[in-house]
Amino acid sequence: MIVCISDNFYFRYGILQLAAELCPDKEIAAFDMNTAKKQSADDLITEKPVSVIVDYTSSDSPFMFSLLEKKQTNCNLNIIVISDIRLNQDPIENILIDAVADYFMEKRGCMAKLRQCLSLIVCGLLVTRSVVNRHWAEIKKKANLTHREMAIFPYIVSGERNKEISRKINISQKTVSLHRRHIYSKLNVHTLAGLFNILSVAE
């Protein structure tokens, strides 16, 4: 199944046409962002393999977190995020996009890249590509964060407490606390404010 979420009617129409051309055997659905928000991620994304194309034109952390939570419970979910590069410059937004997206592409010239992605999807392949700006890429590489640390990182930088993170990703508060300490240690900070300081350093 292919799901397109965009507030731009012409973009949705273009994706539907492209998907119908390249993936004629796949079920295809398109929603505007308001409709997608009213329906839960569970309604939009079933347990079967799904590729979700999100036209992310304005910051919407709650919606992105709902996709992130669904992604953590569905290994068959492949998310492609298309966005203006300006959104990707905010450090917190960048980390959230990085956590959600398997593939990130800038809006300009995205249709050719989408054609390539859909060609892979029709062959049953997942599409992946690093989703980071240069500053965040350097931080990730230097810190050598584990997969689980990366999973909770967006929640930490969004200000979530250990209890909330524990509930959302279904691990104990003690484990969340341990991962938080490891993240702080690897990034050589002692507080959330210190974490924000290193994330906010200009490229």
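Residues numbered from 1 in each chain as written. Predicted model: local features only at pLDDT ≥ 70, side-chain atom pairs only at ≥ 80, totals over all residues. Heavy atoms only, no water.

Enquirer: What exactly am I supposed to notice about the overall build of the protein here?
Expert: Looking only at helices and strands, the protein has eleven helices and five strands in total. The buried share of the protein, reckoned over its 203 residues, is 48%. For the protein, the proportion of contacts with a sequence separation of at least 24, taken over those separated by at least 6, is 71%. Taken as a whole, the protein presents about 10,700 Å² of accessible surface, with 52% of it coming from carbon and sulfur. (Helix = DSSP H or I, 4+ residues; strand = E, 2+ residues; numbered from the N terminus. Buried < 20%, exposed > 50% of the residue type's maximum accessible area, 1.4 Å probe, protein only. Contact = heavy atoms within 4.5 Å. Areas by Shrake-Rupley, 256 points an atom, 1.4 Å probe, with all protein chains shown as cover.)

Enquirer: Sorry if this is basic, but what is going on with the side chain of D60 here?
Expert: Tracing the backbone through its elements, the reader meets D60 in the loop between β3 (50-56) and α4 (61-73). Under the relative-accessibility criterion, D60 is labelled buried at 13%. Look past the residues within four positions of D60 in its chain and what remains in contact with it is M33, K37 and E93.

Enquirer: Help me understand the state of the cysteines, please; the structure alone is not making it clear to me.
Expert: Two cysteines whose sulfur atoms are joined by a covalent bond form what is called a disulfide. Considering all chains together, one arrives at zero disulfides under this definition. Of all cysteine sulfurs in the structure, the one in C110 sits closest to C117, which takes part in no disulfide; the separation is 9.9 Å. (Disulfide = S-S within 2.5 Å.)

Enquirer: Before we go on, may I ask you to explain the packing of α4 against helix α8 (residues 147-157) in this structure?
Expert: When two helices pack together, their arrangement is given by the angle between the helix axes and by the axis-to-axis distance. In contact at an axis separation of 12 Å, α4 and α8 are set at 160 degrees when each is read in the N-to-C sense. When the axis of α4 is compared with that of α8, the two are roughly antiparallel. Here α4 and α8 pass one another in a crossing that is left-handed. Seen from α4, the contacting residues are F65, L68, E69 and Q72; seen from α8, they are A151, P154 and Y155. Tallied by class, the residues present in the contact of α4 with α8 amount to five nonpolar, one polar and one charged. (Axes fitted to C-alpha atoms, helices over the stretch in contact; angles between N-to-C directions. Parallel < 35°, antiparallel > 145°, perpendicular 65-115°, else oblique. Left-handed = near helix turned anticlockwise from the far one by under 90°. Nonpolar A, V, L, I, M, F, W, Y, C, P; charged D, E, K, R; others polar.)

Enquirer: It is not clear to me how the sheet that holds strand β5 (residues 103-106) should be interpreted in this structure. Could you clarify?
Expert: By definition, the strands of a sheet pair up through backbone hydrogen bonds, in either a parallel or an antiparallel sense. Spatially, five strands are ordered β2-β1-β3-β4-β5 in an open sheet, and the strand pairing comes out parallel. Whereas interior strands pair on both sides, the edge strands pair on one side only; in this sheet they are β2 (28-31) and β5. Sheet twist, expressed as the average angle between the axes of neighbouring strands with direction ignored, equals 15 degrees. The pairing of strand β1 (residues 2-5) with β3 spans four bridges and is parallel. Along β3, the bridge assignment pairs C4 with I53. Here helix α1 (residues 9-22) sits on the sheet in contact with β1, β2, β3 and β4 (77-83), set at roughly 175 degrees to β2. In the packing of helix α6 (residues 110-122) onto the sheet, the strands contacted are β1, β3, β4 and β5, and the crossing angle to β5 comes to about 155 degrees. (Pairing = 2+ DSSP bridges.)

These figures capture arrangement, not role.
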